[in-house]
Amino acid sequence: MSEEPADREAVLARLDLNTPHSARVWNYWLGGKDNYAPDRALGEQVLTYFPEIVDAARADRAFLGRAVQHLVGEVGIRQFLDLGTGLPTADNTHEVAQGLAPEARIVYVDNDPLVLVHAQALLTSSPEGVTDYLDGDVHHPDKIVEGATRTLDFTEPVALMLLGIMQFVNDDEQAYAIVDRLVAALPSGSYLALAHPTAEVHTEAMTAAVASWNEQGSAPMKLRSREQLLHFFDGLDLLEPGVVSCSRWHAQQPEVGEIVDVTQFCGVARKP
């Protein structure tokens, strides 16, 4: 890990256990234990009128696994820059990537102090590869790129993972500019994987859930339409099936029933 002890103490000083945090609420919905009373209270409040949010959380996590498998196994990516890491659970980016290619190098980025604590303990690497962690904010892409260059070789393709993070940049133009800056730092042959909440499914319930979050959460979030999400991929070659529900991206048909759309949409694209 790249954090020095003094830096770690400074980061931990920011830890606020009285305000719900997205990573911890998400952890609660996924059945994790790395959350606190305010996180659980908000999580339960949302679940009372929108229980399907759990399906979205699980579909997002499953998309992460399928996307990493595709990028490593099908196109040969060996480097990942994962922003908005969240709290480590099962099948994290480095576990999936290094399970297929032990030499894979992964840099995680998050600004939640609790994520830092868990990252140092749990985000370990295979002997052949590297797993690093940066305490960083998506609003400062240049600092993220600068920090990531200590671990990643930006002359070789990198997969930029933006899953469940860009909704916290509420201004559309700023959000697009941040993604453009991050993608601009990557060489040709790199990939962008992005997942983002939308109100195109369960419109009323999702809108109410986000309104509740914005009243109590630590960082307000914004829902975006599929059309708006397509703009994040401007100038890139979007892979099939395009921007779709996370439950549908390269998913296998279930033995029983049909695939159900969730309120988290996603896409993967290649930089020419």
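Residues numbered from 1 in each chain as written. Predicted model: local features only at pLDDT ≥ 70, side-chain atom pairs only at ≥ 80, totals over all residues. Heavy atoms only, no water.

Considerations on the overall build of the protein
Line of reasoning, step 1. The number of helices and strands found in the protein is 10 helices and 8 strands.
Line of reasoning, step 2. Relative to the globule expectation of 19 Å for 272 residues, the C-alpha radius of gyration of the protein, 18 Å, shows essentially globular dimensions.
Line of reasoning, step 3. Across its three principal axes, the protein shows a C-alpha extent of roughly 45 × 45 × 40 Å.
Line of reasoning, step 4. Residues classed as buried in the protein amount to 51% of the 272 residues present.
Line of reasoning, step 5. For the protein, restricting intrachain contacts to residue pairs at least 6 apart in sequence, the fraction spanning at least 24 positions comes to 74%.
Line of reasoning, step 6. Of the roughly 11900 Å² that the protein leaves accessible, carbon and sulfur atoms contribute 50%.
Line of reasoning, step 7. Charged side chains of the protein number 19 positive and 40 negative; the gap between the two group centres comes to 2 Å. (Helix = DSSP H or I, 4+ residues; strand = E, 2+ residues; numbered from the N terminus. Rg over C-alpha atoms; globule rule 2.2 N^0.38 Å. Buried < 20%, exposed > 50% of the residue type's maximum accessible area, 1.4 Å probe, protein only. Contact = heavy atoms within 4.5 Å. Areas by Shrake-Rupley, 256 points an atom, 1.4 Å probe, with all protein chains shown as cover. Lys, Arg positive; Asp, Glu negative; His and termini not counted. Charge placed at Lys NZ, Arg CZ, Asp CG, Glu CD.)

Focus: empty space enclosed by the protein
In this approach, a probe sized like a water molecule rolls over the atoms, and the result shows the empty space that is left.
Line of reasoning, step 1. Enumeration over the complete set of coordinates arrives at 1 cavity of 30 Å³ or more.
Line of reasoning, step 2. Taken as a whole, the largest cavity encloses approximately 30 Å³ of empty space.
Line of reasoning, step 3. Around the largest cavity, the lining residues are Val183, Leu186, Ser190, Tyr191, Leu192, Leu236, Ala269, Arg270 and Lys271.
Line of reasoning, step 4. Of all the secondary-structure elements, those providing two or more residues to the lining of the largest cavity are strand 5 (191–197) and strand 8 (264–270).
Line of reasoning, step 5. Broken down by class, the residue content of the lining of the largest cavity amounts to 6 nonpolar, 1 polar and 2 charged. (1 Å grid on protein atoms, 1.4 Å probe; cavity = no way out; pocket = protein on both sides within 12 Å on 5 of 7 lines; lining within 4 Å. Points joined across faces, edges and corners; volume = space filled by probe spheres on them. Nonpolar A, V, L, I, M, F, W, Y, C, P; charged D, E, K, R; others polar.)

Looking at the confidence of the model for the protein
Line of reasoning, step 1. A residue-level look at the protein finds 90% of positions with pLDDT of 70 or above and a mean pLDDT of 87.
Line of reasoning, step 2. Across residues 1–6, where pLDDT falls below 50, the model places 16 contacts with residues more than four positions away in sequence or in other chains. (pLDDT = per-residue confidence, 0-100.)

So, the nonpolar core
Line of reasoning, step 1. Ranked by size, the top nonpolar core spans 82 residues in total, and within it Phe80, Leu81, Leu162 and Met166 carry the most contacts.
Line of reasoning, step 2. Counting residues per element, this core draws most heavily on helix 4 (residues 53–73), at 11 residues.
Line of reasoning, step 3. What Met166 contacts, discounting residues up to four positions off in sequence, is Val138, Ala175, Ile178, Val179, Leu194, His196, Arg224 and Phe232. (Core = buried A, V, L, I, M, F, W, Y, C linked by side-chain atoms within 4.5 Å.)

Quick word on the environment of Asp261
Line of reasoning, step 1. In this fold, Asp261 is placed in the loop between strand 7 (244–245) and strand 8.
Line of reasoning, step 2. When the C-alpha atoms of Asp261 and Val244 are compared, they prove to be 8.5 Å apart, with 17 residues separating the residues in sequence.
Line of reasoning, step 3. Apart from the residues lying within four places of it in its own chain, the contact partners of Asp261 are Val201, His202, Ser245, Ser247 and Arg248.
Line of reasoning, step 4. Of the polar contacts made by the side chain of Asp261, one reaches the side chain of Arg248; its length is 2.4 Å. (Polar contact = N/O pair within 3.5 Å; in protein donor to acceptor, adjacent residues only side chain to side chain.)

Some words on the packing of helix 3 (residues 37–49) against helix 9 (residues 203–216)
A packed helix pair is summarised by two numbers, namely the angle formed by the two axes and the spacing between the axes.
Line of reasoning, step 1. Relative orientation of the contacting elements helix 3 and helix 9 amounts to 160°, with a least axis distance of 9 Å. In terms of their interaxial angle, helix 3 and helix 9 are classed as roughly antiparallel. With respect to the hand of their crossing, helix 3 and helix 9 are arranged in right-handed fashion. Residue-level contacts link Leu42, Gln45, Val46 and Tyr49 of helix 3 to Ala205, Ala208, Ala209, Ser212, Trp213 and Gln216 of helix 9.
Line of reasoning, step 2. Class assignment of the residues belonging to the contact of helix 3 with helix 9 gives a composition of 7 nonpolar, 3 polar and no charged. (Axes fitted to C-alpha atoms, helices over the stretch in contact; angles between N-to-C directions. Parallel < 35°, antiparallel > 145°, perpendicular 65-115°, else oblique. Left-handed = near helix turned anticlockwise from the far one by under 90°.)

Description of the pairing of strand 1 (residues 79–83)
For a regular strand, the rule is simple: side chains alternate between the two faces of the sheet.
Line of reasoning, step 1. Most of strand 1 is tucked away: 5 of the 5 residues are buried.
Line of reasoning, step 2. Residues Gln79, Leu81 and Leu83 line one face of strand 1 and the alternating positions Phe80 and Asp82 line the opposite face, and both faces are buried.
Line of reasoning, step 3. In this sheet, strand 2 (residues 105–110) lies alongside strand 1 in parallel orientation, the contact comprising 5 bridges. Its bridge partner lying in strand 2, Gln79 is registered against Arg105.
Line of reasoning, step 4. Pairing of strand 1 with strand 4 (residues 159–163), which is carried by 4 bridges, proceeds in the parallel orientation. Following the sheet pairing, Leu81 is matched in strand 4 by Leu160. (Pairing = 2+ DSSP bridges.)

Regarding helix 7 (residues 141–148)
Line of reasoning, step 1. Taken residue by residue, helix 7 has Pro141, Ile144, Val145, Gly147 and Ala148 as its buried positions. Each buried residue of helix 7 sits inside an arc of 165° when the element is viewed along its axis, so together they form one side. Exposed residues lying more than 90 degrees from the buried face of helix 7 are Lys143 and Glu146.
Line of reasoning, step 2. In the core, the buried residues of helix 7 are packed alongside strand 1, strand 2, strand 3 (130–135) and helix 8 (172–184). (Arc of directions from axis to C-beta.)

Brief notes about the pattern of salt bridges
Line of reasoning, step 1. Following the criterion strictly, the structure yields 6 salt bridges and no others.
Line of reasoning, step 2. Glu103 is the partner of Arg78 in a salt bridge, and the nearest nitrogen-oxygen pair spans 3.0 Å. Of this pair, Arg78 sits in the loop between helix 4 and strand 1 while Glu103 sits in the loop between helix 5 (93–100) and strand 2, and the two are 25 residues apart along the sequence.
Line of reasoning, step 3. Asp142 is the salt-bridge partner of Arg181, the closest N and O atoms lying 2.3 Å from each other. In this pair, Arg181 sits in helix 8 while Asp142 sits in helix 7, placing the two residues 39 residues apart along the sequence.
Line of reasoning, step 4. Among the residues examined, Asp142 registers a relative accessible area of 44% and is labelled partly exposed.
Line of reasoning, step 5. Linked through salt bridges whose partners overlap, the residues forming this network are Asp172, Lys222 and Arg224. (Salt bridge = Lys/Arg side-chain N within 4 Å of Asp/Glu carboxyl O.)

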